[in-house]
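Here are the chains, one letter per residue:
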Amino acid sequence: MRRTVFASVFASVVALTAVTSAYAGGGGFLPPTPHSPNAHRIQHDFIFVSIFCGIIFLIVEGVLVAFIVKYRRGKRPRTAEGPQIHGSTRLEVLWTVAPVFLLAAIGVFIFWELPGIANAPKASAADSTTIQIEGHQYYWLFRYPNGAISIDRMIAPANQVVHEEVIGLDFDVNHSWWIPELGGKYDAIPGKINKTWFKAPVGTYVARCSELCGLQHALMTAEVDVVPRAEYDKFISTRATSTGAAALGKEEFTGVCEKCHRLDHVYVGPALGGNSLLANRKGIESLLRNGEGQMPAVAKNWTSAQIDALISYTKQFATASTG
Ligand code: CUA
């Protein structure tokens, strides 16, 4: 009876695990398909280490289960003791030497892959670009070489080396920048610019904050749009114009304000619709630069132009009905 219960619980756990990993797609237990050379190398490392872990898991669990069955108590009295064995030179040498070889194999492989993960390929200035990535509660701000800015949506040129400079601000908390398909995680911490890179084909990739940074951490995602170089150049030059400012204002509202506020109802913070502050340049600037109560200083390092862009978008909501 007990055995039947145990077997059915075990089978259910196995089935549930399999369903979960199948549902997750992309192999379930595997990282998402890599689209950048460094991400490929991270996946090689992952698979290499997983093979060893898998073999060790099977051996250890296999022996454990075999011993449970073979040496079960059966009819022997509860107090019976097994043979006391002390000192087996052969075994001790084996379980010391085998892990040394395993760790050496893993170490050599990882250190051999590492330079290709950390170091960007050599590329001329014309074939590469540098984008600064700032982590804020709870949005990502991207700065392009010409001074253009975007929020929660990063545009990057395809098939070229994109240098990423991940920046943390001393008035904010720590975050961690991660595009799973394009490389590893890099911390956004004050006082140090963490540099990484990718080189990816045209496509849309998801980035996310991978360090618990507060209440809305889970919403701190960004879209990385990798587009042909001409389209990227056009985007950043348009972004620097007044047309671009209107688009930026909208991104600021959805990416920054709407992480915690809604127009028509209380969310993390109060409802915003109909609030005269949305049209009050001075008032909104002071609030956003300094924060208030639970609200962080979301715009402490913004330029005036960024504040202007936001208010020219939000003023329409200052008198809008809150229905
Ligand atoms: Cu930022 Cu989590």
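That block above? That's the structure.
From a predicted model like this one, the values you see are computed outputs, not experimental measurements.

### A closer look at the overall build of the protein chain
Logical step 1: For the protein chain, the helix and strand inventory stands at seven helices and 10 strands.
Logical step 2: Radius of gyration (C-alpha) of the protein chain: 27 Å, far over the 20 Å computed for a compact globule of 323 residues.
Logical step 3: Across its three principal directions, the C-alpha atoms of the protein chain cover 85 × 55 × 35 Å.
Logical step 4: Classification of the 323 residues of the protein chain by burial places 34% in the buried group.
Logical step 5: Considering only contacts within the protein chain whose residues lie at least 6 apart along the sequence, 65% involve residues at least 24 apart.
Logical step 6: When the accessible surface of the protein chain is split by element, carbon and sulfur atoms take 64% of a total near 19400 Å².
Logical step 7: Each charge class in the protein chain can be summarised by its mean position, and for the 29 positive and 26 negative side chains these summaries are 11 Å apart.

### Focus: unusual backbone geometry
Leaving glycine aside, a negative phi is the common case for residues, and trans is the common case for peptide bonds.
Logical step 1: Residue Tyr138 is bonded to the preceding Gln137 through a cis peptide linkage, with omega at -5 degrees.
Logical step 2: If you trace the backbone, Tyr138 turns up in the loop between strand 1 (128-136) and strand 2 (139-143).
Logical step 3: Notably, Asp152 is not glycine yet its phi reads approximately 60 degrees, a positive angle.
Logical step 4: Counting through the fold element by element, Asp152 comes out in the loop between strand 3 (149-151) and strand 4 (153-157).
Logical step 5: A positive phi angle, close to 55 degrees, is found at Asn159, a residue other than glycine.
Logical step 6: Within the secondary structure, Asn159 sits in the loop between strand 4 and strand 5 (161-167).

### A few points about the pattern of salt bridges
Once their charged atoms are close, side chains differing in charge can pair, the charge on each being opposite to the other.
Logical step 1: Under the counting rule described, the total for this entry stands at 10 salt bridges.
Logical step 2: One salt bridge in this structure joins Arg229 and Asp233, with 3.3 Å as the shortest N-O distance. Note that Arg229 and Asp233 are positioned in helix 4 (residues 229-239) at a spacing of four residues, about one turn of the helix.
Logical step 3: The residue Arg281 makes a salt bridge to Asp308 at a minimum N-O spacing of 2.6 Å.

### So, the layout of surface pockets
Where empty space is left becomes clear once a probe the size of a water molecule has been rolled over the atoms.
Logical step 1: Of the voids in this model, the largest pocket is the one considered here, and its volume is about 610 Å³.
Logical step 2: The wall of the largest pocket is formed by 23 residues, among which Cys260, His261, Gly269, Pro270 and Met295 lie closest to the centre.
Logical step 3: Among the residues forming the lining of the largest pocket, the class breakdown is 16 nonpolar, five polar and two charged.

### Some thoughts on the side chain of Asp225
Logical step 1: In this fold, Asp225 is placed in strand 10 (residues 221-227).
Logical step 2: We classify Asp225 as buried; its relative accessible area is 7%.
Logical step 3: A distance of 3.0 Å separates a polar atom in the side chain of Asp225 from a polar atom in the side chain of Thr204.
Logical step 4: Once residues within four sequence positions are removed from consideration, Asp225 is found in contact with Arg153, Met154, Ile155, Ala156, Gly203 and Thr204.

### Section: empty space enclosed by the protein
Logical step 1: Within this structure, the stated rule accounts for one cavity of 30 Å³ or more.
Logical step 2: If you add up the space inside the largest cavity, you get close to 30 Å³.
Logical step 3: If you trace the largest cavity, you find it lined by Glu164, Trp177, Trp178, Ile179, Leu182, Gly183, Gly184 and Thr196.
Logical step 4: Along the lines of polarity and charge, the residues of the lining of the largest cavity split into four nonpolar, three polar and one charged.

Rules of the game
- Residue positions within a chain follow its written sequence, with the count starting from 1.
- Where totals are concerned, whole chains, interfaces and linings use all residues; where local detail is concerned, this predicted model gives features only for residues with pLDDT of at least 70, and gives and counts side-chain atom pairs only at 80 or more.
- The side-chain figures draw on all heavy atoms in the structure; neither hydrogens nor water molecules are used.
- The way it works is that DSSP assigns letters per residue, a run of H or I at least four long becomes a helix, a run of E at least two long becomes a strand, and they are numbered from the N terminus.
- Atoms counted for the radius of gyration: C-alpha only. Globule rule: 2.2 Å times the number of residues to the power 0.38.
- With a 1.4 Å probe rolled over the protein chains alone, any residue whose accessible area is under 20% of its type maximum counts as buried; one over 50% counts as exposed, and the rest are partly exposed.
- Residue contacts follow a heavy-atom distance rule, with two residues in contact if any of their heavy atoms lie within 4.5 Å.
- Each accessible area is a Shrake-Rupley estimate made with a 1.4 Å probe; only the visible protein chains count as cover when residues are assessed.
- Asp and Glu are treated as the negative residues and Lys and Arg as the positive ones, with His and the ends of the chain left uncounted.
- By convention, the charge on Lys lies at NZ, on Arg at CZ, on Asp at CG and on Glu at CD.
- Salt bridge criterion: a side-chain nitrogen from Lys or Arg within 4 Å of a carboxyl oxygen from Asp or Glu.
- In this analysis a 1.4 Å probe is tested at points of a 1 Å grid over the protein atoms alone, and where it fits but cannot get out there is a cavity; an open set with protein on both sides within 12 Å along at least five of seven lines is a pocket; lining residues have an atom within 4 Å of a point.
- Grid points are joined across faces, edges and corners, and a volume is the space filled by probe spheres set on the points.
- Side-chain classes are defined by residue name, with Ala, Val, Leu, Ile, Met, Phe, Trp, Tyr, Cys and Pro counting as nonpolar, Asp, Glu, Lys and Arg as charged, and the others, Gly among them, as polar.
- Residues adjacent in sequence count toward polar contacts only when both atoms are side-chain atoms; beyond that, a polar contact is any pair of N or O atoms within 3.5 Å, and within protein one must be able to donate a hydrogen and the other to accept it.

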